[in-house]
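The chain contents come next:
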Amino acid sequence: MDEGRVARLEIAEARIAAAELGLPEVLADLSVFQIALKNPSVARALSGMLHNLLWKGQLDGRLRELVIMRIGWTTGAVYEWTQHWRVATGMNIEEDDLLGVRDWPRHKPFGPLERAVLAATDDWLEDGAISAESWDLCREQLVDDALLIELVAVIGNWTLFSSLLRSLQVPLEDGVVAWPPDGRVP
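Residues numbered from 1 in each chain as written. Predicted model: local features only at pLDDT ≥ 70, side-chain atom pairs only at ≥ 80, totals over all residues. Heavy atoms only, no water.

(A) Summary view of the nonpolar core. Membership of the largest hydrophobic core comes to 56 residues, with the highest contact counts inside it found for Val32, Phe33, Leu37, Val117, Leu142, Leu151 and Trp158. If you list the elements that add at least two residues to this core, you get α1 (11–21), α2 (31–36), α3 (40–55), α4 (61–75), α5 (78–90), α7 (112–127), α8 (132–142) and α9 (145–168). Broken down by element, the residue count for this core peaks at nine residues, all from α9. Filtering out sequence-adjacent residues up to four positions away, Val117 remains in contact with Leu63, Val67, Cys138, Leu142 and Leu151. (Core = buried A, V, L, I, M, F, W, Y, C linked by side-chain atoms within 4.5 Å. Buried < 20%, exposed > 50% of the residue type's maximum accessible area, 1.4 Å probe, protein only. Helix = DSSP H or I, 4+ residues; strand = E, 2+ residues; numbered from the N terminus. Contact = heavy atoms within 4.5 Å.)

(B) Representation of α7 within the structure. Compared with an ideal rise of 1.5 Å per residue, which puts 16 residues at 22 Å, α7 spans 22 Å between its outermost C-alpha atoms and is within 8% of the ideal. For α7, every residue scored as buried is listed here: Glu114, Ala116, Val117, Leu118, Ala119, Ala120, Thr121, Asp122 and Asp123. Count one or two residues on from α7 and you reach Gly128, which has phi positive near 80°. (Expected span 1.5 Å × (residues − 1).)

(C) Geometry of a negative patch on the surface. Taken together, the side chains of Asp2, Glu3, Glu10 and Glu13 define an acidic patch exposed on the protein surface. Along the chain, Glu10 falls in the segment before α1. Overall, Glu10 belongs to the partly exposed group, its relative accessible area being 49%. (Patch = residues over 30% accessible without salt bridge, like charges linked within 9 Å, V, L, I, M, F, W, Y side chains within 5 Å. Areas by Shrake-Rupley, 256 points an atom, 1.4 Å probe, with all protein chains shown as cover. Salt bridge = Lys/Arg side-chain N within 4 Å of Asp/Glu carboxyl O. Lys, Arg positive; Asp, Glu negative; His and termini not counted. Charge placed at Lys NZ, Arg CZ, Asp CG, Glu CD.)

(D) Here's a closer look at the packing of α8 against α9. As a packed pair, α8 and α9 sit with axes 9 Å apart at the nearest point and diverge in direction by 130°. Our classification of the angle between α8 and α9 gives oblique. Considering the relative orientation of α8 and α9, their crossing is right-handed. Mapping the contact onto sequence places Trp135, Cys138, Arg139 and Leu142 in α8 and Asp145, Leu147, Leu148, Leu151 and Val152 in α9. Grouping the constituent residues of the contact of α8 with α9 by class yields seven nonpolar, no polar and two charged. (Axes fitted to C-alpha atoms, helices over the stretch in contact; angles between N-to-C directions. Parallel < 35°, antiparallel > 145°, perpendicular 65-115°, else oblique. Left-handed = near helix turned anticlockwise from the far one by under 90°. Nonpolar A, V, L, I, M, F, W, Y, C, P; charged D, E, K, R; others polar.)

Structure, rendered in structure tokens:
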């Protein structure tokens, strides 16, 4: 079992820890939670954000995954890119669009909505906040304040995950191939 900076719990131990916290068992199968479960309050908080943004969110799932993939690519977070490649393709998001986030300004199929949220994502990654120009573009496209707030939460959450994954050097699960589909790295 490949290790990062903090040794992972064995899967059986992680499943017990997740059950004790009331977290979904599936999380215990992920390297990131096999590490996070060593700090139950952090694991619970991470799980809560994922639950609310992945399963209860109002933002279109395709847009959310494009944002996550952009963050993973731009920050070099192999775990984030690799895991969300599987999530996004499982949602039937076009592989061409997922690869398009690598150089989204040149990806012709993206329309004004995708371009607005990806510009906002890049602003955040560069400056820690969304610029006035990108905010106005997002407001034109998303309109609803709840969606704008969720977009900020999505960008912030997966930027947090990127930092956590890279800082802890969270390894991919055994047998998982890095940087799908072509192994190209940022």
